[in-house]
Amino acid sequence: GRGTYYDVGNDNCGTVSTNSEYVVAIAQSLYETEAGTDDISGYCGKYINASYDNKSVRVRVVDSCESCTDNDLDFSPAAFEQLANKDVGVIQVTW
């Protein structure tokens, strides 16, 4: 899927993260498949191993991404930089 990055902060999982943490947002559609009555997804707090160009990073799900399709990930800047320079902007990731 497509890999991008964003400025993290207050998130849909009810937590607060910083740009230096290895966190990620998954597609809103995927997030909602596991959402409970409080709208907190069962994916919250789970870890994903994402790879690009023979590099990988382990990230924790903390948010949802409205513009993402099911295979896309929206990384914190620190997590994205483990895979590619932020100047690249968009990468193709597997996870």
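Up top you'll find the structure we're talking about.
Analysis parameters
Residues numbered from 1 in each chain as written. Predicted model: local features only at pLDDT ≥ 70, side-chain atom pairs only at ≥ 80, totals over all residues. Heavy atoms only, no water. Phe/Tyr/Trp six-rings, centres within 6.5 Å; stacked < 30°, edge-to-face > 60°. Helix = DSSP H or I, 4+ residues; strand = E, 2+ residues; numbered from the N terminus. Lys NZ or Arg CZ within 6 Å of the ring centre and 35° of its normal. Disulfide = S-S within 2.5 Å. Buried < 20%, exposed > 50% of the residue type's maximum accessible area, 1.4 Å probe, protein only. Core = buried A, V, L, I, M, F, W, Y, C linked by side-chain atoms within 4.5 Å.

*Asks:* Sorry if this is basic, but what is going on with the packing of aromatic side chains here?
*Replies:* In this description, an aromatic ring pair is defined by two values, namely the gap between the centres and the angle between the planes. Considering all chains together, one arrives at two aromatic pairs under this definition. Consider the rings of Tyr-5 and Phe-80, whose centres lie 5.0 Å apart with planes at 50°: the pair is tilted. Taken together, the residues Tyr-5 in strand E1 (residues 2-5) and Phe-80 in helix H2 (residues 77-83) connect sequence positions 75 residues apart. A ring pair is formed by Phe-75 and Phe-80, whose centres lie 6.4 Å apart and whose planes are at 65°; its orientation type is edge-to-face. Grouped by ring-pair contacts, the aromatic residues Tyr-5, Phe-75 and Phe-80 constitute a single cluster. The positively charged end of Arg-58 is found above the aromatic ring belonging to Tyr-47, 3.9 Å away from the centroid.

*Asks:* It is not clear to me how the state of the cysteines should be interpreted in this structure. Could you clarify?
*Replies:* This structure, assessed with the given rule, holds two disulfides. The partner cysteine of Cys-13 in its disulfide is Cys-44, sulfur to sulfur 1.9 Å. Judged by the torsion about the S-S bond (-80°), the Cys-13/Cys-44 disulfide is left-handed. Of this pair, Cys-13 sits in the loop between E1 and strand E2 (23-27) while Cys-44 sits in the loop between helix H1 (28-33) and strand E3 (47-52); the two residues are 31 residues apart in sequence, bridging distant segments of the chain. Per residue, the accessibility class of Cys-13 equals that of Cys-44, and both read buried. Paired through a disulfide, Cys-65 and Cys-68 show a sulfur-sulfur distance of 2.1 Å.

*Asks:* Just to check I follow, could you spell out the nonpolar core for this structure?
*Replies:* Within the largest apolar cluster, 27 residues are counted, with the highest numbers of intra-cluster contacts made by Val-24, Ile-26, Ile-48, Val-57, Val-59, Leu-73 and Phe-75. Looking at this core, the elements with two or more residues in it are E2, H1, E3, strand E4 (55-65), strand E5 (73-75) and H2.

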